[in-house]
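Fold and geometry: a report
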Amino acid sequence: MDGIHDMGGMQGFGRIPINQDTVFDHNWQKRAFALAETLAWSVPFDADQHRRAIEQIAPVDYLRRDYFEKWAIAVQTLLLDAGLVDEEELRSGRVKFPIPQDEHPPVPAETLVQATRAGAQMTCPETGSVPAFAVDQAVRVRPHGAAGHTRVPRYVRGHIGRVVSNLGFFQFADAMAVGKGPAPQFCYTVEFEARTLWGEDAQADDTMFLDLWEPYLESA
Amino acid sequence: MPHDDHDPLEQGAALRVRALEELMVAKGLVDPAALDAIVEYYERDVGPRNGAAVVAKAWTDPEYKGWLLRDGTAAIASLGFTGFQGEHMRVVENTPDVHNVIVCTLCSCYPWPVLGLPPTWYKSAAYRSRVVREPRVVLEEFGLTLPEETRVQVWDSTAEIRYLVLPQRPSDWQELSAEDLAERVTRNGMIGTAAV
């Protein structure tokens, strides 16, 4: 989606706020983070669905609202989509209707911490799938982006780069974001010359690396 | 930038989250103990000191450094640092010839097990938009001026790989203990927005 979240290369945002050096400034930010981490189990939703919901926030709100408020807004969207809450409940914090508890068990603290420490499984067996591109091959990023959640930034679209590694067979973010995962695809690290992307203002020899799933690429 | 205690936007966000937490507990979707546990985990067990331990070991143990650059995931896991947003790690080495810097232009991807959760500036529109387009100007703002002959490599975390920068080893490293070396390593040094 050509949304406001796709910020690479945009201009006009001013100096880096390097003194905003903390993770949390308010307790509610910690609670918003923790709510997303726990509700991911009981609703449930995955990281790509949560990212997609953040990307759907109106651009004006995306730019001015706090990072963790956007996490909370995205969680609200996912709860509404799942039919587990209504708008009035979200406003008041008070329950209007019950939900089928057995289908949405809350994650116990110990399970959550253990799973967080273990990490997620994001690769799949290749089972005979053959990668379309080889290391050192020139590839062009497909010029048109997908309307939904996708992980190819605008600033590389249509540009030619070089495959530097095949990372493996990964769950595909575009499919995961709409609950149609894992639909695995090969994913590659692709190197681009900075001047290819940014013109003569970039310094010769500077380069950019992006990790791109196979459907984003075509041979060049 | 200090936060204004009377900022209506901030107050609205706080109210939104409080109502959400009350509702989720009342609906039985969340165990409040799990909320406390996950915050405590990220405040106590995870943070840049984990990454600093990885870097200090790489500076003093050439065999480990080779492994770390070849298979970052396994070498980092061998020190006990694993988990969400660190399942697939790649470590990129700074040298006099090459300087690496990491970003996530699309959201806020960051190697949680080794660096903790990202600071606010890393998630800012300014950093995400500019570091890919004018990395040298951005690094100057952080106080890091690179020689023109040093190549800059920017890594945009667009898929499931998370990146960690291995900063250049300090010249006096042989005089320092492992603990002192780890203390030299800064979070920004491992993002690539500072030298160590």
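This one's a predicted model, so the numbers in the text were calculated from it and none came from an experiment.

1. Brief notes about the overall build of chain A
Looking only at helices and strands, one finds eight helices and five strands in chain A. When the helices and strands of chain A are read in sequence order from the N terminus, they spell out α-α-α-α-α-α-β-β-α-β-α-β-β. Projected onto the principal axes, the alpha-carbon positions of chain A cover approximately 60 × 50 × 30 Å. Residues counted as buried form 50% of the 220 residues belonging to chain A. A sequence separation of at least 24 residues applies to 64% of the contacts in chain A between residues at least 6 apart. For chain A, the accessible surface area stands at approximately 10100 Å², while carbon and sulfur atoms represent 50% of it. Distance between charge centroids for chain A: 5 Å, based on 20 positive and 31 negative side chains.

2. Re the sheet that holds strand β3 (residues 185–193) of chain A
Pairing between the strands of a sheet is mediated by backbone hydrogen bonds and can be parallel or antiparallel. One open sheet accounts for seven strands, arranged β5(A)-β1(A)-β2(A)-β3(A)-β4(A)-β3(B)-β2(B); its pairing is mixed. A strand with exactly one partner marks an edge of an open sheet, and here the two such strands are β5 (217–219) of chain A together with β2 (98–103) of chain B. The average undirected angle you get between the axes of adjacent strands in this sheet is 35°. In this sheet, strand β4 (residues 207–213) of chain A lies alongside β3 of chain A in antiparallel orientation, the contact comprising seven bridges. Among the inter-strand pairings, Tyr-188 of chain A is bridged to a residue of β4 of chain A, identified as Leu-212 of chain A.

3. A short note on the interface of chain A and chain B
Facing the 94 residues of chain A at the interface are 81 residues of chain B. The tally of links between chain A and chain B comes to eight salt bridges. Counting across the interface, chain A meets chain B through 42 residue pairs in polar contact (both at pLDDT 80 or more). By residue number, the principal contributor to the side of chain A that touches chain B is helix α1 (residues 27–42) of chain A, which donates 11 residues. When β4 of chain A meets strand β3 (residues 151–156) of chain B, the two strands line up parallel, connected through four bridges. The residue of β3 of chain B that forms the bridge with Leu-210 of chain A is Asp-156 of chain B.

4. Comments concerning the packing of aromatic side chains
Under the criterion given, the structure shown has 25 aromatic pairs over all chains. When the ring of Phe-33 of chain A is compared with that of Tyr-42 of chain B, the centres are 5.4 Å apart and the planes differ by 85°; the resulting orientation is edge-to-face. In this pair, Phe-33 of chain A is assigned in helix α1 and Tyr-42 of chain B in helix α2 (residues 32–45), connecting two distinct chains. Per residue, the accessibility class of Phe-33 of chain A equals that of Tyr-42 of chain B, and both read buried. Through a chain of ring-to-ring contacts, three or more aromatic side chains come together here, namely Phe-24, Phe-33, Tyr-67, Phe-68 and Trp-71 of chain A together with Tyr-41, Tyr-42 and Trp-112 of chain B. If you follow Lys-70 of chain A out to its NZ or CZ, it ends over the ring of Tyr-62 of chain A, 3.7 Å from the centre. Seen from the ring of Phe-97 of chain A, Lys-27 of chain B lies directly overhead, with NZ or CZ sitting 3.5 Å from the centre.

5. Things to note about the pairing of strand β2 (residues 160–170) of chain A
Residue and element names in this part refer to chain A. The sheet contact formed by strand β1 (residues 138–141) and β2 spans three bridges and is antiparallel. Within the sheet, the bridge partner assigned to Ala-138 lies in β2 and is Arg-162. Pairing of β2 with β3 involves seven bridges; the strand directions are antiparallel. Along β3, the bridge assignment pairs Asn-166 with Tyr-188.

6. Some details on the packing of helix α2 (residues 47–55) of chain A against helix α4 (residues 67–81) of chain A
Any two packed helices are characterised by how steeply their axes cross, that is the angle between the axes, and by the distance between the axes. Residues and elements named next belong to chain A. α4 packs onto α2 with a crossing angle of 105° between their chain directions and a minimal axis gap of 8 Å. Comparing their axes, α4 and α2 come out roughly perpendicular. Between α2, through Gln-49, His-50, Ala-53 and Ile-54, and α4, the contact on the second element is made entirely by Lys-70, Trp-71, Ala-74, Val-75, Thr-77 and Leu-78. Partitioned by chemical class, the residues of the contact of α2 with α4 number six nonpolar, three polar and one charged.

7. What to know about the pattern of salt bridges
Taken as a whole and assessed by the stated rule, the structure comprises 29 salt bridges over all chains. Residue Arg-195 of chain A pairs with Glu-200 of chain A through a salt bridge whose shortest N-O separation is 3.6 Å. Taking relative accessible area as the criterion, Glu-200 of chain A reaches 63% and is therefore assigned exposed. One salt bridge in this structure joins Arg-162 of chain B and Glu-160 of chain B, with 3.9 Å as the shortest N-O distance. We note that Arg-162 of chain B, like Glu-160 of chain B, is buried.

8. Remarks on the packing of helix α3 (residues 48–60) of chain B against helix α4 (residues 62–70) of chain B
All names here are of chain B. The interhelical angle for the contact between α3 and α4, taken along N-to-C directions, is 125°, at an axis separation of 5 Å. The orientation of α3 with respect to α4, classified from their angle, is oblique. As α3 runs across α4, the sense of the crossing is left-handed. The segment α3 lies against α4, with Val-54, Lys-57, Ala-58 and Thr-60 engaging Pro-62, Tyr-64, Lys-65 and Leu-68. When the residues that make up the contact of α3 with α4 are grouped by side-chain class, the tally is five nonpolar, one polar and two charged.

Criteria and thresholds
Residues numbered from 1 in each chain as written. Chains lettered and ligands numbered in written order. Predicted model: local features only at pLDDT ≥ 70, side-chain atom pairs only at ≥ 80, totals over all residues. Heavy atoms only, no water. Helix = DSSP H or I, 4+ residues; strand = E, 2+ residues; numbered from the N terminus. Buried < 20%, exposed > 50% of the residue type's maximum accessible area, 1.4 Å probe, protein only. Contact = heavy atoms within 4.5 Å. Areas by Shrake-Rupley, 256 points an atom, 1.4 Å probe, with all protein chains shown as cover. Lys, Arg positive; Asp, Glu negative; His and termini not counted. Charge placed at Lys NZ, Arg CZ, Asp CG, Glu CD. Pairing = 2+ DSSP bridges. Axes fitted to C-alpha atoms, helices over the stretch in contact; angles between N-to-C directions. Salt bridge = Lys/Arg side-chain N within 4 Å of Asp/Glu carboxyl O. Polar contact = N/O pair within 3.5 Å; in protein donor to acceptor, adjacent residues only side chain to side chain. Phe/Tyr/Trp six-rings, centres within 6.5 Å; stacked < 30°, edge-to-face > 60°. Lys NZ or Arg CZ within 6 Å of the ring centre and 35° of its normal. Parallel < 35°, antiparallel > 145°, perpendicular 65-115°, else oblique. Nonpolar A, V, L, I, M, F, W, Y, C, P; charged D, E, K, R; others polar. Left-handed = near helix turned anticlockwise from the far one by under 90°.

Geometry only, nothing functional implied.
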